[in-house]
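As a plain string of letters, each chain reads:
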Amino acid sequence: MVAIAVKTPHVLELFEAGPAAPKAGEVVVRVERAGICGSDLHIYHGTNPFAKYPRIIGHEFAGTVEAVGEGVNDLAAGDHVVVDPVVSCGHCYPCRVGRPNVCSNLEVFGVHRDGGFRDRLSVPSLNAVKVRSDLPFALAALAEPFSIAANVLSRTGIEAHDTVLVYGAGPIGLTVLQVAKLHGARCIVADIDDARLERARGFGADVVVNSRSTPVPQAVAGETDGLGPTLVIDAAGVPALLEEACRLASPAGRIGLLGFSPEPCNISQQEIVKKELTLVGSRLNRKLLPQVVQWLESGQLRPEAMITQTFAAADAREAFDLIEKDPGRTVKVQLAFGG
């Protein structure tokens, strides 16, 4: 059974993993499809501050329940599932107030504990979200990245009357765009890459802005009657964008941050107070995969075009090389497991 680990930064290792057996309250999942995320690359590069090595990576994965442990009654062998990678303790303050994604004892598959880039693994049954058998595993594996978008838009309170500015047209920016459009919002997407912006247009962006050629403040002013976007989402993770977001946002606007750069940025308290802005951080998801699965099963989300390449799991090195050397060709690269 193949498993894919980052042995040390910049060293990707493929090896034969042992069989998995469920403990009480767990299920064994036979992984069918898994997506490569930017955070997997950060672990590979040694820039993820939360990872310890060696680490089997992978937190976007779907598959089939192969065995159930004692006390598991809501899942059975043969069920199709997507795995929520967030494992929380359930009793600390964040957990008690419904914020398990920032649990004080948080563990994430593929980061703090070994993840889903392997043929089989045991997971808590509460983390296995059942999906319909006719939903392709490739789409089911997209539920986790869409839960990131669902979380930040829940935190900021997306409404149909919003005008949303999304910084970044990479995979996360595209998921934010699609979930915002699902809620009926008008969306402006800014990026420095024309190919990415063209993809964003294909996923429903109302306005795209190449920030190399057109200053975002200028473009946004023309699209919002000078008031500014009511909601700004930073899906690029560039610290300087927060300062610009505070200047651009509408009075009573909201700003959601998805990046976690340690670099400082200059922001004006005056802007925040004058316009009574709301700034929120967003990490992972708060048990939102069932909602995303419903969107996928109902066809409200149709993100098939995000999957640009699929590699056999044994060819993971080639998949990583493609993302590293030719990122313009990729949006979401997936690995096919099975067997």
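Residues numbered from 1 in each chain as written. Predicted model: local features only at pLDDT ≥ 70, side-chain atom pairs only at ≥ 80, totals over all residues. Heavy atoms only, no water.

(A) Structural view of the overall build of the protein. Assigned secondary structure in the protein consists of eleven helices and 18 strands. Here the protein has a C-alpha radius of gyration of 20 Å; the compact-globule value for 339 residues is 20 Å, and the two agree. In terms of principal-axis extent, the alpha carbons of the protein reach across some 60 × 45 × 40 Å. Counting all 339 residues of the protein, 53% fall into the buried class. Taking contacts inside the protein between residues at least 6 apart in sequence as the whole, the part at least 24 apart equals 69%. Taken as a whole, the protein presents about 14600 Å² of accessible surface, with 50% of it coming from carbon and sulfur. One way to put it: in the protein the 32 positive side-chain charges average out to a point 3 Å from where the 38 negative ones average out. (Helix = DSSP H or I, 4+ residues; strand = E, 2+ residues; numbered from the N terminus. Rg over C-alpha atoms; globule rule 2.2 N^0.38 Å. Buried < 20%, exposed > 50% of the residue type's maximum accessible area, 1.4 Å probe, protein only. Contact = heavy atoms within 4.5 Å. Areas by Shrake-Rupley, 256 points an atom, 1.4 Å probe, with all protein chains shown as cover. Lys, Arg positive; Asp, Glu negative; His and termini not counted. Charge placed at Lys NZ, Arg CZ, Asp CG, Glu CD.)

(B) Region of interest: the pairing of strand S9 (residues 120–124). In terms of residue burial, S9 counts as a mostly covered element, since five of its five residues are buried. The alternating pattern of S9 places Arg-120, Ser-122 and Pro-124 and Leu-121 and Val-123 on opposite faces, both of which are buried. For strand S3 (residues 26–35) and S9, the ladder comprises five bridges, and the chain directions are antiparallel. Bridge assignment links Val-27 to a residue of S9, and that residue is Val-123. (Pairing = 2+ DSSP bridges.)

(C) Highlighting the pattern of salt bridges. For the structure shown, the criterion picks out 15 salt bridges. Here Asp-162 makes a salt bridge to Arg-254, at a shortest N to O gap of 2.8 Å. Of this pair, Asp-162 sits in the loop between helix H4 (143–156) and strand S11 (163–167) while Arg-254 sits in strand S15 (residues 254–257), placing them 92 residues apart in sequence. When sorted by exposure, Asp-162 lands in the same class as Arg-254, which is buried. The salt bridge partner of Arg-186 is Glu-223, with a shortest N-O separation of 2.7 Å. Of this pair, Arg-186 sits in strand S12 (residues 186–191) while Glu-223 is found in helix H7 (residues 216–223), placing the two residues 37 residues apart along the sequence. You can call Arg-186 partly exposed: its relative accessible area is 31%. (Salt bridge = Lys/Arg side-chain N within 4 Å of Asp/Glu carboxyl O.)

(D) Spatial organisation of the sheet that holds strand S14 (residues 231–234). With parallel pairing, the six strands of this open sheet are ordered in space as S13-S12-S11-S14-S15-S16. Each edge of the open sheet carries a strand with a single partner, namely strand S13 (207–210) and strand S16 (278–281). In this sheet, adjacent strand axes meet at a mean angle of 15 degrees when their direction is disregarded. Note that S15 and S16 share four bridges and pair parallel. (Axes fitted to C-alpha atoms, helices over the stretch in contact; angles between N-to-C directions.)

(E) Quick peek at the nonpolar core. Of all hydrophobic cores here, the largest spans 48 residues; its most connected members are Leu-153 and Val-164. Ranked by the residues each element gives to this core, the list is headed by H4, at seven residues. Grouped together as the second largest cluster of nonpolar side chains are 44 residues, Leu-12, Val-65, Val-86 and Phe-109 included. (Core = buried A, V, L, I, M, F, W, Y, C linked by side-chain atoms within 4.5 Å.)

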